[in-house]
Amino acid sequence: MSVHVPPDDVGAPRAQVGPNPQHLLTTLLGEYLDSSDAGLPSMAVVAMLREFGISESSARAALSRLTKRGLIAVRGSGRPPVYHLTPQAVARHRSRMDHFLSFGARPPRWTGDWVTVSFSVPQSGQATRHAVRKALGSLGFARLYDSVWIRPGSDSGPVTQALCDVLDDVDGGRWSVMHTRFDEEAGPHGPAAAYDLAGLASAYEAFIARYSDLRAAVRDGEIDATRALVARTSVMDSWRKFPDIDPNLPEHLLPAPWPRQAARDLMLEIHSALGSLAEARLIQVATPHWPDAASWITHFQASENSVSIPAGGDG
């Protein structure tokens, strides 16, 4: 398994390297807006994204793409247009924010169970083979051997459905879903061999190196509201890949020392400390185009029980 960022949930834009306006707007809406009742003027969105160096034309293109994906919808027929989050998007954002902020809070409850998939596709079925591998990767499976893929846990429902969707109508296509346990789980021929744990550790260490100076500046009170919005969003944008690429293996399968906890602590410290400042800056830049901004804009934070909750705002 190589460390890569898989496609996000259905309807969400793929993460890309650099300031991708569509991905950035999804992050902003997920972090700071928690109601489908809020009417969001297009010029307010343009002003928000301008904070990140995004041009007006790129901001409007991002709005158009998120509308086509069903994450936002146009309200009424006025000009300039006013948008709102769909109820489905609000529910998805809440779930994802909880996922991002709670990931790594406690060790997984480990039973030793793995879901294992084996499949066979005719030699001519290269496109089908690619589709199967893509489906398995999106569900968190890693390739142990050529056509044997594994995932920790016991929930086989989603992969069974995915394989039915891809292979049921393929002549000569065969597959099996099994619940397995490894005799030598921690050995060199065990399941950990399917994962690029060294690459994942390097990714966590790079995250720590990238944001350690920011944490020091936060502790010294050097980050004002203008910097807080961009910095906090950058930290979350960088962190949010880890819950999707980290298989959350039990401790006995991980190399020591494992840097995830240090990375999580750094993220939470910055994210929590800058929440109110970032919210205030977003309200400041949006209000000239959206007088009700302060009633709707909020921010998510991790609570003591590791569940994310919206804080602030009156919406």
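These numbers were taken from a predicted model, which means no experiment stands behind them.

Asker: Hey, could you run me through the overall build of the protein in this one?
Answerer: The number of helices and strands found in the protein is twelve helices and nine strands. A burial count over the protein gives 46% of its 315 residues as buried. A total of about 15,400 Å² of accessible surface is found on the protein, and carbon and sulfur atoms cover 49% of it.

Asker: Explanation requested: the nonpolar core in the structure shown.
Answerer: Generally speaking, a soluble globular protein has its nonpolar side chains buried in company with each other. In terms of nonpolar packing, the biggest core is built from 40 residues, with Tyr-195, Tyr-204, Phe-207, Leu-214, Trp-239, Phe-242 and Met-267 touching the most fellow members. Residue assignment for this core shows that the elements contributing at least two residues are helix H4 (87–102), strand S5 (142–145), helix H7 (197–219), helix H8 (225–239), helix H9 (242–245) and helix H10 (260–273). The element best represented in this core is H7, accounting for ten residues. Apart from residues no more than four positions distant in its own chain, Met-267 is found in contact with Phe-100, Leu-101, Phe-207, Val-235, Met-236 and Trp-239. Core analysis: the next-biggest nonpolar cluster, separate from the first, contains 34 residues, Ala-38, Leu-63, Val-285 and Trp-290 among them.

Asker: What should I look at first to understand the sheet that holds strand S3 (residues 82–85) in this one?
Answerer: Strands belonging to one sheet form pairs held by backbone hydrogen bonds; the direction of such a pair is parallel or antiparallel. With antiparallel pairing, three strands are arranged side by side in an open sheet as S1-S3-S2. At either end of the open sheet lies a strand with only one pairing partner, and these are strand S1 (40–41) and strand S2 (72–75). Across two bridges, the pairing between S1 and S3 is antiparallel. Its bridge partner being in S3, Pro-41 is matched across the sheet by Val-82.

Asker: Just checking my understanding: could you explain H8 for this structure?
Answerer: The terminal C-alpha atoms of H8, which comprises 15 residues, lie 21 Å apart, in line with the 21 Å expected from a rise of 1.5 Å per residue. Ala-228, Leu-229, Ala-231, Arg-232, Thr-233, Val-235, Met-236, Ser-238 and Trp-239 are the residues of H8 that are buried.

Asker: Looking at this structure, how should I read the packing of helix H1 (residues 21–32) against H4?
Answerer: The N-to-C vectors of H1 and H4 enclose an angle of 85°; their axes lie 9 Å apart at closest approach. In this view, H1 runs roughly perpendicular relative to H4, as classed from their interaxial angle. Here Thr-26, Leu-29, Gly-30 and Glu-31 of H1 come into contact with H4, specifically with Arg-92, His-93 and Met-97. Split by residue class, the contact of H1 with H4 holds two nonpolar, three polar and two charged.

Asker: I keep staring at a negative patch on the surface and nothing clicks. Help me out?
Answerer: Together, Asp-165, Asp-168, Asp-169 and Asp-171 make up a negatively charged patch on the protein surface. You can call Asp-169 exposed: its relative accessible area is 79%.

Calculation criteria
- Once a new chain begins, its residue numbering starts again from 1 and follows that chain's sequence as written.
- Predicted model: local features are reported for residues with pLDDT of at least 70 only, side-chain atom pairs are reported and counted for 80 or more only, and whole-chain, interface and lining totals are derived from all residues.
- The basis for every side-chain value is the complete set of non-hydrogen atoms in the structure, without hydrogens or water.
- Here a helix means four or more residues in a row that DSSP labels H or I, a strand means two or more in a row labelled E, and each is numbered from the N terminus.
- Relative accessibility under 20% of the residue-type maximum defines a buried residue, over 50% an exposed one, and the middle range a partly exposed one, all with a 1.4 Å probe and only protein chains included.
- Shrake-Rupley sampling with a 1.4 Å probe provides the accessible areas, and residues are treated as covered by the protein chains on show and by no other component.
- Definition used in this section: a nonpolar core is a set of buried Ala, Val, Leu, Ile, Met, Phe, Trp, Tyr and Cys residues joined via side-chain atoms within 4.5 Å.
- Should any heavy atoms of two residues lie within 4.5 Å, those residues are considered in contact.
- Here the rule is simple: two strands pair whenever DSSP picks up at least two bridges between them.
- In a helix, the anticipated span is given by 1.5 Å times the number of residues less one.
- Axis definition: a line fitted to C-alpha atoms, over the contacting stretch in the case of helices. Angles run 0 to 180 degrees between N-to-C directions.
- For classification, angles of less than 35 degrees are called roughly parallel, those exceeding 145 degrees roughly antiparallel, those between 65 and 115 degrees roughly perpendicular, and all remaining angles oblique.
- Polar here means any residue outside two lists: the nonpolar Ala, Val, Leu, Ile, Met, Phe, Trp, Tyr, Cys and Pro, and the charged Asp, Glu, Lys and Arg; Gly therefore counts as polar.
- Any residue with relative accessible area above 30% and no salt bridge may belong to a patch, with like charges joined within 9 Å and the nonpolar Val, Leu, Ile, Met, Phe, Trp and Tyr side chains within 5 Å.
- Any carboxyl oxygen of Asp or Glu within 4 Å of a side-chain nitrogen of Lys or Arg constitutes a salt bridge here.
- We count Lys and Arg on the positive side and Asp and Glu on the negative side, and we leave His and both chain ends out.
- A single reference atom marks each charge: NZ on Lys, CZ on Arg, CG on Asp, CD on Glu.

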